[in-house]
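Tertiary structure, described
One-letter residues, chain by chain:
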Amino acid sequence: MTSIDDLAAIRYARMRWNAPLSEDHADLLLDRLGVPAGARVLDLGCGWGELLLRAVATGGTAGALRTTGVGVDTNDADLARGRALAVERSLDAQVTFVEQEAAAWREPADRVLCIGASHAFGGTVAALDALTELVPSGGRLLFGDGYWERPPTAEAVEIFGEGILPLADLVEQARASGWRVLHLSTADQREWDDFEARWRAGRQEWLLENAADPRASEVRAELDAQLRQYVGVYRGVLGFAYLVLGR
Ligand SMILES: C[S@@+](CC[C@H](N)C(=O)[O-])C[C@H]1O[C@@H](n2cnc3c(N)ncnc32)[C@H](O)[C@@H]1O
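Now for a description of the structure that goes with this document. The model shown is predicted, which means the values in this text are computed figures rather than measured ones. (Residues numbered from 1 in each chain as written. Predicted model: local features only at pLDDT ≥ 70, side-chain atom pairs only at ≥ 80, totals over all residues. Heavy atoms only, no water.)

Looking now at the overall build of the protein. When helices and strands are counted, the protein shows nine helices and 10 strands. For the protein, whose C-alpha radius of gyration is 19 Å, the value lies close to the compact-globule estimate of 18 Å for 247 residues. Out of the 247 residues belonging to the protein, those deemed buried represent 48%. Across the protein, the fraction of contacts at a sequence separation of at least 24, relative to all contacts at a separation of at least 6, is 78%. The distance from the centre of the 25 positive side-chain charges to the centre of the 37 negative ones in the protein is 4 Å. (Helix = DSSP H or I, 4+ residues; strand = E, 2+ residues; numbered from the N terminus. Rg over C-alpha atoms; globule rule 2.2 N^0.38 Å. Buried < 20%, exposed > 50% of the residue type's maximum accessible area, 1.4 Å probe, protein only. Contact = heavy atoms within 4.5 Å. Lys, Arg positive; Asp, Glu negative; His and termini not counted. Charge placed at Lys NZ, Arg CZ, Asp CG, Glu CD.)

Structure follows, in structure tokens:
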């Protein structure tokens, strides 16, 4: 029988990363982030650090210059997954994962990633301001954040909070916080649908295989409510933008 811990791990098992992002789109963002050999890369709210590991790998090694990375998150299970991935890819000597509050991190880096984690700083505006302290002149930030694609209903605001901006305001805010917008792209509907389906996929598969488990009815109700909420409340309403910002 699957334990509660296994059910928690299953929740994210089918996800490549915890954001609406296709492989092609990730390649584009890493290209625009332009990680130079020998750079220090920092990922705040890294989860299991899939994009961090890829960013460090793209920087590579040139002579004595070895690209390094640090992932910071408060979720120990995600960090353990990240460390295992780093070992699998022979990047464990270059990439470390630290359990810490993102907002308490003080060491600057040449390339900083902050994707889906602006809430760790108190929201979009606070994150865009705070991150200027961590990116020196000539550095870049890959900032992934939610925005309202359409005016939200009260129900959508209740789920995602008051701090979400429309896209035009998000871009203006990035400028007001002192960044130059080098690149902007948004998750398309297929990326969103894939993200949402992958989030549920581990539990859907578990449910199909464990219909008689005493927890099955609870898991089924949770999955049904989440799908209903996605389709009924925020599909096409909540967007997700990727900005590569320079200073
Ligand atoms: C939506 S996930 C995004 C993860 C990752 N950036 C990615 O794209 O796959 C948000 C992450 O922020 C982390 N997080 C939430 N609050 C945090 C905090 N105060 N400090 C550090 N990380 C935090 C969560 O544990 C989670 O891994």
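Looking at where Glu 196 falls in the secondary structure, it is placed in helix H8 (residues 189–209). According to the relative accessible area criterion, Glu 196 is buried, its value standing at 4%. Only 3.3 Å separates the side chain of Glu 196 from the side chain of Arg 200, close enough to count as a polar contact. In contact with Glu 196, other than residues within four places in its own chain, are Tyr 230 and Tyr 234. (Polar contact = N/O pair within 3.5 Å; in protein donor to acceptor, adjacent residues only side chain to side chain.)

Further remarks concern the side chain of His 183. In this fold, His 183 is placed in strand S9 (residues 180–186). Here Ser 185 takes part through its side chain, which lies 2.8 Å from a polar atom of the side chain of His 183. If sequence neighbours within four positions are ignored, His 183 has contacts with Leu 28, Leu 29, Arg 32, Tyr 242, Leu 243 and Val 244.

Surrounding the ligand, one finds 18 residues, the nearest of these being Asn 18, Gly 45, Asp 73, Glu 101 and Ile 115. Glu 101 has a polar side-chain atom sitting 2.8 Å from a nitrogen atom of the ligand. Isolated, the ligand exposes 600 Å² of accessible area, and the fraction of that covered by the protein chains is 82%. Residues belonging to the shell around the ligand are distributed by class as follows: seven nonpolar, eight polar and three charged. (Near = heavy atom within 4 Å. Areas by Shrake-Rupley, 256 points an atom, 1.4 Å probe, with all protein chains shown as cover. Nonpolar A, V, L, I, M, F, W, Y, C, P; charged D, E, K, R; others polar.)

Here we take up the packing of H8 against helix H9 (residues 216–234). In contact at an axis separation of 9 Å, H8 and H9 are set at 170° when each is read in the N-to-C sense. Classified by the angle their axes make, H8 and H9 are roughly antiparallel. Of the residues in H9, those in contact with Gln 189, Trp 192, Asp 193, Glu 196, Trp 199, Arg 200, Arg 203, Gln 204, Trp 206 and Leu 207 of H8 are Ala 216, Val 219, Arg 220, Glu 222, Leu 223, Gln 226, Leu 227, Tyr 230 and Tyr 234. In terms of residue class, the contact of H8 with H9 is built from 10 nonpolar, three polar and six charged. (Axes fitted to C-alpha atoms, helices over the stretch in contact; angles between N-to-C directions. Parallel < 35°, antiparallel > 145°, perpendicular 65-115°, else oblique.)

On to the packing of aromatic side chains. Enumeration according to the criterion identifies six aromatic pairs in this entry. Centre to centre, the rings of Phe 160 and Tyr 234 are 4.9 Å apart; their planes meet at 80°, and the pair counts as edge-to-face. Of the two residues, Phe 160 sits in helix H6 (residues 154–160) while Tyr 234 sits in helix H9, which places them 74 residues apart along the sequence. Within the aromatic cluster, the residues linked to one another by ring pairs are Trp 148, Phe 160, Tyr 230 and Tyr 234. Its end group placed over the ring of Trp 179, Arg 247 keeps NZ or CZ at 5.9 Å from the ring centre. (Phe/Tyr/Trp six-rings, centres within 6.5 Å; stacked < 30°, edge-to-face > 60°. Lys NZ or Arg CZ within 6 Å of the ring centre and 35° of its normal.)

Attention now goes to H9. With 19 residues, H9 extends 26 Å from end C-alpha to end C-alpha; this agrees with the ideal 27 Å at 1.5 Å per step. Looking at H9, one finds that the buried residues are Ala 216, Val 219, Leu 223, Gln 226, Tyr 230, Val 233 and Tyr 234. (Expected span 1.5 Å × (residues − 1).)

Right, let's get into the pattern of salt bridges. Counted according to the given criterion, the structure contains 14 salt bridges. Taking the shortest distance from any N to any O, the salt bridge between Asp 193 and Arg 235 comes out at 2.7 Å. One end of the pair, Asp 193, is in helix H8; the other, Arg 235, is in the loop between H9 and strand S10 (238–246), with 42 residues separating them in the sequence. Look at Asp 193 and you get partly exposed, because its relative accessible area is 25%. (Salt bridge = Lys/Arg side-chain N within 4 Å of Asp/Glu carboxyl O.)

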